[in-house]
Structures are given as C-alpha cells and as structure tokens.
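Topology and contacts: notes
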Amino acid sequence: EAGVAQSPRYKIIEKRQSVAFWCNPISGHATLYWYQQILGQGPKLLIQFQNNGVVDDSQLPKDRFSAERLKGVDSTLKIQPAKLEDSAVYLCASSLRVREKLFFGSGTQLSVL
Amino acid sequence: AQTVTQSQPEMSVQEAETVTLSCTYDTSESDYYLFWYKQPPSRQMILVIRQEAYKQQNATENRFSVNFQKAAKSFSLKISDSQLGDAAMYFCAPLGGQGAQKLVFGQGTRLTINP
C-alpha cells in the first residue's frame, strides 16, 4: 500500500516570498490533515478536510495561509507572504475516516530566511 | 479543548531494559481515543499503539504496552526489551471531540537507547 506522499522534502525561501506544499493521501482516505511542527514542539493541527470540505481550520492563520483539496484527493497548502516564524516542518496525514488511525507523510521542512 | 502534558522532555535507557514514558491529558469528552506516535529522524510519524477510552483493558502491541488510568487521565507507554531502533521522539495524543475530532499532540519525549 502506497503511503502519504509529500513534496518538496525541503524548501528554503526568504521572508515575504510565497511557497506551496503538496500532499497526496492514501487512496480512499476521506480525511486529510495538515500539521505544523515547529522545532522542539509537537505537531499542531492547521486544517482538517473531510473529502473536499473543511472540517476544522480554527488554527490556520488565514491572513497568510490557505489550503485546498480539490476533488477530495490531493491537497495543497500555501503560505503568502512567509514570515520567519513559519519555519517548521509541515506534515500531511490522512485517515480512512475520522477517529481512525492517521498515516503521516515524511513532511516538508521549510526554512524562512 | 484538549491539553496534553508529557513531563519528561528526555529519557534514556540501556538496550534490552524497560522504560516508561508518561503522559497526562485533559478532556471533557467521555468517548475518545488515545495514541502514542513515534517520530524517528526521518520525521515520519509512526503509530505505536492505540487505546479506546471505553475499554478497561490496557492495549498491548508486542514490546509496547500502555497503562491507562481513565480517572486520573493518565496514559503512559511502557517499552520492554528496548532496542536501538526504538530511539525517537515519542508523542502522546488524545483524539476526541465532536465534529472535527482532531488529534492533539503533546510536546514529546526524546528517547535515547544506550548500547
């Protein structure tokens, strides 16, 4: 079974630039999550999709972050403009349905200079 | 809102010995799940073990077992016969809540295995 795919693996940008991350969940998984993990901390949920609808985006900084999940399959997370404090690992996860085990991708490590 | 406390930022253990990682949480839910995830240097989070709150029996998975104390809201992870490959960050995470039912992670415990 193929896992959760994320790209790119690393990204370095300057502050005020824009960046996008891509995630392809496990086939058939209805629920998709984006987490932000700052160095030394546990992951924090940014947004949760159920199929192509948003279930929870309460911790997403909507003035600069946006996410979409077209056709209920793969998803894109965008930051525009980036700030220094956005430096983190961005993890994508999927599950068959809510309350099921989450499968995680390897993440994208973002460095904002 | 759920909160999670992992009071041990770092732990170390000799290979083949047993180690216990602690976790306490706070939730207003009566029906929820609890997870331990492992994060090696590769960054990928890997599920170690899962516990349903309505079950009194503690979950076990090979060398991994939990001590779930629902009234005390405590969920510790015991690793028996520690192996070098167990070295990683370990995160405790309750899953609950109506609607979104999101996974909330603790700060993590870094486990080192000494050969």
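Residues numbered from 1 in each chain as written. Chains lettered and ligands numbered in written order. Predicted model: local features only at pLDDT ≥ 70, side-chain atom pairs only at ≥ 80, totals over all residues. Heavy atoms only, no water.

We now examine the overall build of chain B. Within chain B one finds zero helices and 11 strands. Each helix and strand of chain B, placed in order from N terminus to C terminus, yields the pattern β-β-β-β-β-β-β-β-β-β-β. Across its three principal axes, chain B shows a C-alpha extent of roughly 45 × 30 × 20 Å. Taking all 115 residues of chain B together, 51% fall into the buried category. Carbon and sulfur atoms make up 45% of the accessible area of chain B, which amounts to about 5500 Å² in all. Within chain B, one finds 10 positive and 10 negative side-chain charges whose respective centroids are separated by 5 Å. (Helix = DSSP H or I, 4+ residues; strand = E, 2+ residues; numbered from the N terminus. Buried < 20%, exposed > 50% of the residue type's maximum accessible area, 1.4 Å probe, protein only. Areas by Shrake-Rupley, 256 points an atom, 1.4 Å probe, with all protein chains shown as cover. Lys, Arg positive; Asp, Glu negative; His and termini not counted. Charge placed at Lys NZ, Arg CZ, Asp CG, Glu CD.)

Put simply, the largest pocket is a space of about 530 Å³. In terms of lining residues, the largest pocket is bounded by 23 residues, among which Gln37, Leu39 and Gly40 of chain A together with Gln39 and Arg110 of chain B are the most central. Taken together, the elements giving at least two residues each to the lining of the largest pocket come down to β9 (88-95) and β11 (108-112) of chain A together with β10 (88-95) of chain B. Of the residues in the lining of the largest pocket, the class split is 12 nonpolar, nine polar and two charged. (1 Å grid on protein atoms, 1.4 Å probe; cavity = no way out; pocket = protein on both sides within 12 Å on 5 of 7 lines; lining within 4 Å. Points joined across faces, edges and corners; volume = space filled by probe spheres on them. Nonpolar A, V, L, I, M, F, W, Y, C, P; charged D, E, K, R; others polar.)

All right, on to the nonpolar core then. Membership of the largest hydrophobic core comes to 25 residues, with the highest contact counts inside it found for Trp36, Phe75, Leu77 and Tyr90 of chain B. Mapped onto this core, the elements with two or more residues apiece are β3 (19-21), β5 (33-39), β6 (46-52), β8 (64-69), β9 (74-79), β10 and β11 (109-114) of chain B. If you look at the next biggest cluster of nonpolar residues, it comprises 21 residues, including Ile26, Phe49, Ala82 and Leu110 of chain A. (Core = buried A, V, L, I, M, F, W, Y, C linked by side-chain atoms within 4.5 Å.)

Okay, the pattern of salt bridges next. According to the stated counting rule, one finds six salt bridges over all chains in the structure shown. Residue Arg64 of chain A pairs with Asp86 of chain A through a salt bridge whose shortest N-O separation is 2.5 Å. In this pair, Arg64 of chain A is assigned in the loop between β6 (53-56) and β7 (65-68) and Asp86 of chain A in the loop between β8 (75-79) and β9, connecting sequence segments 22 residues apart. Linked through salt bridges whose partners overlap, the residues forming this network are Arg50, Glu52 and Lys55 of chain B. (Salt bridge = Lys/Arg side-chain N within 4 Å of Asp/Glu carboxyl O.)

What follows covers the sheet that holds strand β1 (residues 5-7) of chain A. Residues and elements named next belong to chain A. Ordered in space as β1-β3-β8-β7, the four strands form an open sheet in which the pairing is antiparallel. Looking at strand neighbours, the two that pair on one side only are β1 and β7, the edges of this open sheet. Strand-to-strand twist of the sheet, defined as the mean angle between neighbouring strand axes without regard to direction, takes the value 15 degrees. Two strands pair when backbone bridges link them, and β7 and β8 are joined in this way by four bridges, in the antiparallel orientation. In the sheet register, Glu68 faces β8, and the bridge partner there is Thr76. (Pairing = 2+ DSSP bridges. Axes fitted to C-alpha atoms, helices over the stretch in contact; angles between N-to-C directions.)

Moving on, we come to unusual backbone geometry. Residue and element names in this part refer to chain A. The residue after Ser7, namely Pro8, is reached through a cis peptide bond having omega -5 degrees. One can find Pro8 in the loop between β1 and β2 (10-13). Here the bond from Gln80 into Pro81 is cis, since omega is -5 degrees, no more than 30 degrees from zero. Among the structural elements, Pro81 can be located in the loop between β8 and β9.

Residues at a pLDDT of 70 or more form 99% of chain A, whose mean pLDDT is 93. By mean pLDDT, β6 of chain A is the weakest element of chain A at 90, and β8 of chain A is the strongest at 98. (pLDDT = per-residue confidence, 0-100.)

Moving on, we come to the interface of chain A and chain B. Contacts between chain A and chain B engage 27 residues on the former and 24 residues on the latter. Buried area between chain A and chain B, both sides added, is near 2000 Å², and the carbon and sulfur share of it is 46%. It is Arg99, Lys101 and Phe104 of chain A in chain A that bury the most area against chain B; as a group they hold 36% of the surface buried on that side. The tally of links from chain A across to chain B stands at zero salt bridges. Counting the contacts that link chain A with chain B gives nine residue pairs in polar contact (both at pLDDT 80 or more). Where the side of chain A that touches chain B is concerned, the elements lending two or more residues are β4 (31-37), β5 (44-50), β6, β9 and β11 of chain A. In terms of residue class, the side of chain A that touches chain B is built from 10 nonpolar, 12 polar and five charged. (Contact = heavy atoms within 4.5 Å. Buried area = accessible area lost by both parts, 1.4 Å probe. Polar contact = N/O pair within 3.5 Å; in protein donor to acceptor, adjacent residues only side chain to side chain.)

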